[in-house]
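So you can see what is in the structure, the chains are spelled out below.
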Amino acid sequence: MATVWVFVQESDGAPSTLGLELLTKARTLGDVTALYVGEGSESAFATVGEYGASAVYHLTPADALVSGPVAAAIAGLVAEHSPDLILFGQAYDDRDVAGRLAARLERTVLSNAVDVSLGDTVAATHEIFGGAQLAMSTITGERPYLVLARPKSFEAEPSGGPAPTVTPVDLPDVGAAAARVTGSHVEEKEGPQLEEAAVIVSGGRGLGSAEKYALIEAVAKPLRAATGATRAIVDAGWVPYAKQVGQTGKTVKPAVYIAAGISGAMQHLVGMKDSKTIIAINKDPEAPIFSVADLGIVGDVNSVLPKLAEELERS
Amino acid sequence: MKVVVCVKQIPDPASEYTLEPDSHWLVRPTEQVLDDTDRYGVEMGLQLAQEAEGGTVTLVSMGPAGNMQGIRQALAMGADKAVVVDDAELRGSDALTTARILAAAIRREGFDLVIAGTESTDGYSGVVPQMVAELLDVPALTYATSVEIAETVTIHRQTMSGYDTVEAALPALVSVTAGVVEPRYPTFKGIMDAKKKPVDTLTVSDLDVDPVIDQKVTEVTPAPERSAGTIVEDDGEGHLAIIAKLRELKVI
Ligand SMILES: Cc1cc2nc3c(=O)[nH]c(=O)nc-3n(C[C@H](O)[C@H](O)[C@H](O)COP(=O)(O)OP(=O)(O)OC[C@H]3O[C@@H](n4cnc5c(N)ncnc54)[C@H](O)[C@@H]3O)c2cc1C
Ligand SMILES: Nc1ncnc2c1ncn2[C@@H]1O[C@H](COP(=O)(O)O)[C@@H](O)[C@H]1O
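Quick look at the structure, then. (Residues numbered from 1 in each chain as written. Chains lettered and ligands numbered in written order. Predicted model: local features only at pLDDT ≥ 70, side-chain atom pairs only at ≥ 80, totals over all residues. Heavy atoms only, no water.)

Overall, parallel pairing links the 6 strands, which are arranged 13(A)-12(A)-14(A)-15(A)-16(A)-13(B) in an open sheet. Each edge of the open sheet is held by one strand with a lone partner, namely strand 13 (226-229) of chain A together with strand 13 (230-233) of chain B. On average, each strand axis in the sheet is tilted by 15° relative to the strand beside it, whichever way the strands run. Alignment of strand 12 (residues 199-203) of chain A against strand 14 (residues 256-260) of chain A, held across 5 bridges, turns out to be parallel. (Pairing = 2+ DSSP bridges. Helix = DSSP H or I, 4+ residues; strand = E, 2+ residues; numbered from the N terminus. Axes fitted to C-alpha atoms, helices over the stretch in contact; angles between N-to-C directions.)

Structural data, given as structure tokens:
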């Protein structure tokens, strides 16, 4: 049986949803070990077991920047145990660790996978051109194969596995490659979160200015919806990165996604096109967002959104 | 201070991207543009080099050089020189091969700070900078929304909940987001000067790297498309169509 390792990062004291998605997939491919990064706890490890890991390597980077020491430690484990495949998510720390590990092991990394299979070699389906096309790739050469899978590619489902054996792993000193996290700034998380909300209202550059994002919030509130954004307005500093939907932000699949003043670039669509119903408001009838919208309103957000908010408040 | 910025030339994103039939490699026309993502790295590099006395900015790029238009764009912003690695052997390079070539070219130039984007527009593997950092044995301060250099380098590293402050000694690599600085537009003088700036073109044999390409694309298919629905012109009542839809879906 193949040995599959899964990178699982802790989020708010529990394994991240992305980690659980990867574990769910991994257990269809072989015997699963989790590379658990974070404080860890009995209940966190139990969850990892429930989703299919029979063993856990526990890595605790404390105030070190994760990538250097964690990649070095995993490289040590690989030399000792020779896994066939290591699965990561397409997320910040995952990318950093996978990249450094790949360079250490002299194996490449396959990014943006939405599906992966393991036979004589590894084969993965991955998105290219911002998600407009799907490519199938294989990696030849020695194992382990390293694959980064996009969030929401697999649905997280517990298998009812028992508590795994947990082995703490020492993090080596990486000398000149070390960096320290000296502070953490946490932005207020108010209201429904993007990953869980049944309804999402997102805004783009078409809003015109940071202040106009209030129009999005006004529509979201009566719907108890989460608020999202395009990268354009995150980069412009109008809203925090946590709100970004798309290729380099969050992947969401709500029942209803309302896109206001969003052009519908491939890199945005890839993060929301699996929403059940898409409603778009854009003043340009040619905007690509209309090609995926179930309902499109050709109009000005400054006029449509305030009226919509008012009507929602009333009903 | 010696700053090296990794920049990529890509086919104009406004044009349709196509793949070569059997290899599935991206078709790269003679005239390519500077990846917009890398304008932020170039600007950041220029600002940091200016703050440090006698700072210089060198561009490093791998890929079909074509007519170098994209490289000239970055030189026109103010970078001092460029090193472009162009070799037919590198067509279809995977992320690791790309990183090994870049790292070798960077080491050859010497550096205090390497700057890269967070993900390229055409390939977006999102791992090349981290690989380069490991190969150079320096820290990778990634996803920076601000960069400061004193004795050490300190960044704000974007996170899902806000940002972390991360600090490391130089030499180091920093990957920057598009929020880090506002890139300048080249001036007329910049564009004229860029024509005279040195551009070294290297091949694999100039670098001590044996390119092994392990990732092969075997098949490409269009992603499943969603079909469009009803489009309504807003006549002042457009919001009511949304209300009706939300009712139909039992959201309200
Ligand atoms: C590697 C890479 C990764 C990326 N990742 C992401 C990602 O994760 N998420 C993401 O969103 N983007 C991402 N992008 C950026 C993406 O390509 C687009 O640039 C971005 O999505 C555009 O945002 P926007 O729709 O807000 O802005 P624009 O494209 O500028 O569109 C604004 C729209 O508003 C409309 N408009 C203007 N005024 C009004 C008005 N008064 N009323 C109604 N409509 C109006 C316009 O017609 C236009 O369609 C990425 C790009 C790259 C290269
Ligand atoms: N061929 C290349 N030449 C120069 N820089 C590159 C190249 N490929 C990637 N990079 C750098 O690495 C960053 C991330 O690219 P990628 O890993 O392809 O998403 C880019 O923004 C560039 O700064």
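Right, picking up where we left off after that structure.
Here we come to helix 6 (residues 238-248) of chain B. Within the sequence span of helix 6 of chain B, burial applies to Gly-238, His-239, Ile-242, Ile-243, Lys-245 and Leu-246 of chain B. End-on view of helix 6 of chain B: buried residues confined to an arc of 165°, all on one side of the axis. Buried positions along helix 6 of chain B lie against helix 5 (213-223), strand 14, strand 15 (277-282), strand 16 (295-298) and helix 8 (301-314) of chain A. Within two residues after helix 6 of chain B, Lys-250 of chain B carries a phi angle of roughly 60°, on the positive side. (Buried < 20%, exposed > 50% of the residue type's maximum accessible area, 1.4 Å probe, protein only. Arc of directions from axis to C-beta. Contact = heavy atoms within 4.5 Å.)

This part takes up the sheet that holds strand 10 (residues 172-176) of chain B. The mixed open sheet is built from 10 strands, whose spatial order is 11(A)-9(B)-8(B)-7(B)-10(B)-6(B)-1(B)-4(B)-5(B)-11(B). The open sheet has two free edges, formed respectively by strand 11 (180-186) of chain A together with strand 11 (199-202) of chain B, since each of these has just one partner strand. On average, each strand axis in the sheet is tilted by 30° relative to the strand beside it, whichever way the strands run. Taken together, the 4 bridges between strand 5 (residues 81-85) of chain B and strand 11 of chain B define a ladder with parallel strand orientation. Bridged to Val-85 of chain B within strand 11 of chain B is Leu-202 of chain B. Together, strand 1 (2-6), strand 4 (56-62), strand 5, strand 6 (113-117) and strand 11 of chain B form the strand contacts of helix 3 (residues 95-109) of chain B, whose direction differs from that of strand 4 of chain B by roughly 150°.

Glancing now at the site of ligand 2. All names here are of chain B. Around ligand 2 sit 20 residues, and of these Cys-6, Met-62, Ser-120, Ser-125 and Gly-126 come closest. For ligand 2, an oxygen atom lies 3.0 Å from a polar atom in the backbone of Gly-117. Here an oxygen atom of ligand 2 sits 2.8 Å away from a polar atom, N or O, in the side chain of Ser-125. The fraction of the free accessible surface of ligand 2 (480 Å²) that becomes covered by protein chains is 98%. Only strand 4, helix 3, strand 6 and helix 4 (128-136) provide two or more residues apiece to the shell around ligand 2. The element that contributes the greatest number of residues to the shell around ligand 2 is strand 4, accounting for 3 residues. Split by residue class, the shell around ligand 2 holds 10 nonpolar, 7 polar and 3 charged. (Near = heavy atom within 4 Å. Polar contact = N/O pair within 3.5 Å; in protein donor to acceptor, adjacent residues only side chain to side chain. Areas by Shrake-Rupley, 256 points an atom, 1.4 Å probe, with all protein chains shown as cover. Nonpolar A, V, L, I, M, F, W, Y, C, P; charged D, E, K, R; others polar.)

With that out of the way, let us pick up the pairing of strand 7 (residues 122-128) of chain A. All names here are of chain A. Of all 7 residues that make up strand 7, 7 are buried, and the element is covered over most of its length. In terms of strand pairing, strand 6 (residues 109-118) meets strand 7 through 5 bridges, oriented antiparallel. Note on strand 7: the bridge partner recorded for Ser-117 is Ala-123. The hairpin formed by strand 6 and strand 7 contains 3 residues between the paired strands. Bridge count between strand 7 and strand 8 (residues 133-139): 7 bridges; the pairing is antiparallel. From the neighbouring strand, Ala-123 faces strand 8, where its bridge partner is Thr-138. From the end of strand 7 to the start of strand 8, which pair antiparallel, there are 4 residues, and Phe-129 there has a positive phi angle of about 50°.

With that settled, the discussion passes to unusual backbone geometry. Going from Arg-143 of chain A to Pro-144 of chain A, the amide bond is cis rather than trans, its omega being 5°. Looking at the secondary structure, you find Pro-144 of chain A in the loop between strand 8 and strand 9 (145-149). Along the chain, Leu-170 of chain B connects to Pro-171 of chain B via a cis peptide bond; the corresponding omega equals -5°. Locating Pro-171 of chain B in the fold gives a position in the loop between strand 9 (162-169) and strand 10.

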